[in-house]
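Observations on chain architecture
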Amino acid sequence: MYVPEPPTHAVSPHVAQIVQTAGCVVAAIGCCGYAAWCRRRRGSVLLAALLVGSVLASFQEAPLDIFVSAYYPHQHLWTFWETFGRQIPVWATFAWMILFAGAPYLIARAM
């Protein structure tokens, strides 16, 4: 089975990294603050548990990237960790918190 190799010449744009990282961090902090508010006001730890679970699940980003042939440019990438030869950007874990904890929780509450 042929597994394509990532492009080694691609460069991560600096401004895009700043925008993505700042946006994801701000939204993730908002989710954490809302989880603390829910714990204090409602006594519910559901969102906090979802946030912890999404951070733990974010460590499967590298294997999933291999399966779907997704690549992050390696040059000038702000790397959070590297697994299976794949660099994972700093903003990826915060994006998992938003996409797999904050958004589903808010959608479920709205229903």
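To keep things clear, this report deals only with the structure shown in the data block. None of the values given here were measured: they were computed from a predicted structure.

**A look at the pairing of strand E2 (residues 86–89)**
Alternating positions in E2 separate into two faces, Arg86 and Ile88 on one and Gln87 and Pro89 on the other, with burial throughout. Where strand E1 (residues 79–83) lies against E2, four bridges are found, and the strand directions are antiparallel. Counterpart to tryptophan 81 in the pairing with E2 is isoleucine 88. Adjacent in sequence and paired antiparallel, E1 and E2 are bridged by two residues, among which phenylalanine 84 carries a positive phi angle near 55 degrees.

**Overview of the environment of isoleucine 98**
Structurally, isoleucine 98 is set in helix H4 (residues 90–110). Counting along the chain gives 66 residues from isoleucine 98 to cysteine 32, while the straight-line C-alpha distance between them is 9.9 Å. The residues contacting isoleucine 98, other than those within four sequence positions of it, are Cys24, Ala27, Ala28, Ala103 and Pro104.

**Some details on unusual backbone geometry**
At serine 69, a residue that is not glycine, the phi angle is positive and equals roughly 55 degrees. Within the fold, serine 69 resides in the loop between helix H3 (61–68) and E1. The class for serine 69 is partly exposed, based on a relative accessible area of 33%. Here phenylalanine 84, not a glycine, exhibits a phi torsion of approximately 55 degrees, which is positive.

**Quick word on H4**
Under the 1.5 Å per step criterion, the end-to-end length of H4 is 30 Å for 21 residues, consistent within 8% with the ideal 30 Å. Taking the largest bend as the criterion, H4 deviates by roughly 30 degrees, centred on glycine 102, and proline proline 104 comes between one and four positions later. For H4, the set of buried residues is Trp91, Ala92, Thr93, Ala95, Trp96, Met97, Ala101, Gly102 and Tyr105.

**Digging into the packing of aromatic side chains**
Note on aromatic pairs: each is described by the distance of the centres and the angle between the planes. The final tally for this structure, using the stated rule, is six aromatic pairs. Considering the side-chain rings of phenylalanine 59 and tryptophan 81, the 4.7 Å spacing of their centres and the 40 degrees angle between planes classify their relative orientation as tilted. Here the residue phenylalanine 59 occupies a position in the loop between helix H2 (46–57) and H3, and tryptophan 81 occupies one in strand E1, the gap between them amounting to 22 residues. Note on tryptophan 81: relative accessible area 13%, which makes it buried. Between tyrosine 72 and tryptophan 91 the ring centres are 5.8 Å apart and the planes differ by 90 degrees, which places this aromatic pair in the edge-to-face class.

**Topic: the side chain of threonine 93**
For threonine 93, the position within the fold is in helix H4. Given a relative accessible area of 6%, threonine 93 falls into the buried group. Ignoring anything within four residues of it in the chain, the contact list for threonine 93 reads Val55, Ser58, Phe80 and Trp81.

The rules we used
Residues numbered from 1 in each chain as written. Predicted model: local features only at pLDDT ≥ 70, side-chain atom pairs only at ≥ 80, totals over all residues. Heavy atoms only, no water. Buried < 20%, exposed > 50% of the residue type's maximum accessible area, 1.4 Å probe, protein only. Helix = DSSP H or I, 4+ residues; strand = E, 2+ residues; numbered from the N terminus. Pairing = 2+ DSSP bridges. Contact = heavy atoms within 4.5 Å. Expected span 1.5 Å × (residues − 1). Bend = angle between axes of the 7 residues up to and from the residue. Phe/Tyr/Trp six-rings, centres within 6.5 Å; stacked < 30°, edge-to-face > 60°.

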